[in-house]
Amino acid sequence: MTNSSEDKTATLKGIIGCSAAMQEVYRTTRLCARSSATVLLMGETGTGKELIARAVHENSPRGSGPYIRVNCGALNESLLESELFGHVKGAFTSAFENRTGRFEAAHGGTIFLDEINSMSFPLQVKLLRVLQEQEFERVGDTRTISVDTRIVAATNRELLEEVENDNFREDLYYRLNVLPIFLPPLRDRVDDIDLLVNHFIDKYATENECDPLKVPAETMQILRGYSWPGNVRELENYVERAVVLSTSGVFTPELLPPHVRGLAPVRLGIRNKKDLETLCEELVAMGIMQSTTDDADLYQKVVSLVERQLILQTLKSCQGVQTKTATRLGINRNTLHKKIEEYGLNEDVR
Ligand SMILES: Nc1ncnc2c1ncn2[C@@H]1O[C@H](COP(=O)(O)OP(=O)(O)O)[C@@H](O)[C@H]1O
Ligand SMILES: [Mg+2]
């Protein structure tokens, strides 16, 4: 064991935030780290699942052993299979040599299976066996290999929902979900935003060899009010951008993208008809939509507005070249041409 037992309530190394929700995360992480049982990390993208996976490893008795990360969403089924389990020479056309898989590489340590929700059914079966018996075969081999590897898995989707939709095996779900840790979205821990902003300001000031930006209350208020669909990763990106772009040493609101400042039309989260009406009122107030008395029109109006903006902005960034714009948007050139006519965008681009 490391000396972590002396600061049970303290944060984990490199992980920022002292909201009640994060303190619960630290507490659970430390408790889970002590065992070798499988950990399932759940949370939206950018909430810190990878940081916690590493903390589980580092605070565990196997912390001095290997830590191996595999992103299950980044490889197709056959590549992922040989990445995880290895293969023998000749197992498939491009298998020129024997290859050790990541499970073997993680022997005595931890393997972090990121985006586990995107693993195919056949691989889920093979993984289930590793979880049950700690053994598997390399692709193309009959020899059984045993490993002592702690599994930490992460999902950015509600796995139980994936089980209900027949995208994820129920038996595997229960095998993985021994020690669940839930990473709360940033919008639910607004009080951590100050700390995170200052943490990233320091980080990027050091990296860019400049003085840390000062943050006026106005900017902080905007940051606290934003919905953060990309969570901490999104916040980190905006802070880095501000550090690089600032010429005044102050983190002024103008350094934030317009949609964060509430200037862009798209705001998600329509829960009922009233929300849609409120959104339309806001859009009218902002002068980007004409008011309407016809209720049935609301939906179509908002959709058209978003479509118009999307096309207009893409056209502008393609200097008005329609073929390029159509390719970027992934739509047919004739469709694009019709829409440009319909929305009268020719004038706007010129
Ligand atoms: N609590 C936190 N404190 C400091 N940095 C964080 C925190 N949560 C996330 N980050 C940073 O945000 C980015 C995304 O985190 P990551 O762990 O990759 O999220 P996820 O795996 O859930 O998508 C990384 O650069 C990470 O260092
Ligand atoms: Mg991740």
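Caption draft 1: Representation of the environment of glutamate 164 in the model. Assignment of secondary structure puts glutamate 164 in helix α6 (residues 159-164). Between the C-alpha atom of glutamate 164 and that of phenylalanine 112, which follows or precedes it by 52 residues, the distance is 25 Å.

Caption draft 2: Seen up close, the domain arrangement of the chain. By domain assignment, the chain separates into domain 1 (3-184), domain 2 (187-255) and domain 3 (291-349). Placing a centre on the C-alpha atoms of domain 1 and another on those of domain 2 gives a separation of 31 Å. Domain 1 puts 10 residues into the contact, and the matching count from domain 2 is 11 residues. For the pair domain 1 and domain 2, the two sides together bury roughly 1,000 Å², of which 50% comes from carbon and sulfur. Broken down residue by residue, the surface that domain 1 buries against domain 2 is led by Ile16, Glu44 and Gly46, which jointly contribute 46%. Scanning the region where domain 1 abuts domain 2 turns up 1 salt bridge. The closest approach of N and O atoms between arginine 187 and glutamate 44, which form a salt bridge, is 2.5 Å. Our count for the domain 1 to domain 2 interface comes out at 9 residue pairs in polar contact (both at pLDDT 80 or more). For the side of domain 1 that touches domain 2, a count of residues per class yields 4 nonpolar, 5 polar and 1 charged.

Caption draft 3: Fine view of helix α5 (residues 121-133). Across its 13 residues, α5 extends 18 Å between first and last C-alpha, which sits within 8% of the 18 Å expected from 1.5 Å per residue. Along α5, the residues classified as buried are Leu123, Gln124, Lys126, Leu127, Leu128, Val130 and Leu131. Where α5 is buried, its residues meet α3 (77-85), α4 (102-105), β5 (110-114), β6 (135-137), β8 (150-155) and α7 (170-176). Immediately downstream of α5, the backbone of glutamine 134 shows phi near 55°, a positive value.

Caption draft 4: Broad picture of the packing of helix α8 (residues 193-207) against helix α9 (residues 217-225). Viewed as axis vectors pointing N to C, α8 and α9 meet at an angle of 115°, and their least axial separation amounts to 10 Å. Like other packed secondary-structure pairs, α8 and α9 cross with a definite hand, here right-handed. For the pair α8 and α9, the contacting residues are Ile193, Asp194, Val197 and Asn198 in the first and Met220, Leu223 and Arg224 in the second. Broken down by class, the residue content of the contact of α8 with α9 amounts to 4 nonpolar, 1 polar and 2 charged.

Caption draft 5: Seen up close, the sheet that holds strand β9 (residues 179-182). In spatial order, the strands read β2-β5-β8-β1-β9; together these 5 strands make up an open sheet with parallel pairing. Each of the sheet's edge strands pairs with one partner strand only, and the pair in question is β2 (67-71) and β9. For this sheet, the mean inter-axis angle between neighbouring strands, taken without regard to orientation, is 20°. The sheet contact formed by strand β1 (residues 39-42) and β9 spans 4 bridges and is parallel. Its bridge partner being in β9, methionine 42 is matched across the sheet by phenylalanine 182. Sitting on the sheet, helix α1 (residues 20-33) is in contact with β1, β8 and β9, with an inclination near 155° to β9.

Caption draft 6: Layout of the site of ligand 1. Residues in contact with ligand 1 amount to 16 residues; listed here are only the nearest, Ile16, Gly46, Lys49, Arg233 and Glu236. Within the backbone of glycine 48, an N or O atom sits 3.1 Å from an oxygen atom of ligand 1. Every element with two or more residues in the shell around ligand 1 is listed here: α2 (49-58), α8 and α10 (231-245). A breakdown of the residues in the shell around ligand 1 according to their chemical character gives 6 nonpolar, 5 polar and 5 charged.

Caption draft 7: Structural context of α8. Taking 1.5 Å per residue, 15 residues should reach 21 Å; α8 reaches 21 Å between its end C-alpha atoms and fits that length. Considered for burial, the residues of α8 that qualify are Ile193, Leu196, Val197, Phe200, Ile201, Tyr204 and Ala205. Axial view of α8: buried residues confined to an arc of 160°, hence all on one face. On its buried face, α8 is in contact with α9 and α10. One or two positions beyond α8, positive phi appears at glutamate 209, with a value near 50°.

The rules behind the values
Residues numbered from 1 in each chain as written. Chains lettered and ligands numbered in written order. Predicted model: local features only at pLDDT ≥ 70, side-chain atom pairs only at ≥ 80, totals over all residues. Heavy atoms only, no water. Helix = DSSP H or I, 4+ residues; strand = E, 2+ residues; numbered from the N terminus. Domains from an automatic or database assignment. Contact = heavy atoms within 4.5 Å. Buried area = accessible area lost by both parts, 1.4 Å probe. Salt bridge = Lys/Arg side-chain N within 4 Å of Asp/Glu carboxyl O. Polar contact = N/O pair within 3.5 Å; in protein donor to acceptor, adjacent residues only side chain to side chain. Nonpolar A, V, L, I, M, F, W, Y, C, P; charged D, E, K, R; others polar. Expected span 1.5 Å × (residues − 1). Buried < 20%, exposed > 50% of the residue type's maximum accessible area, 1.4 Å probe, protein only. Axes fitted to C-alpha atoms, helices over the stretch in contact; angles between N-to-C directions. Left-handed = near helix turned anticlockwise from the far one by under 90°. Pairing = 2+ DSSP bridges. Near = heavy atom within 4 Å. Arc of directions from axis to C-beta.

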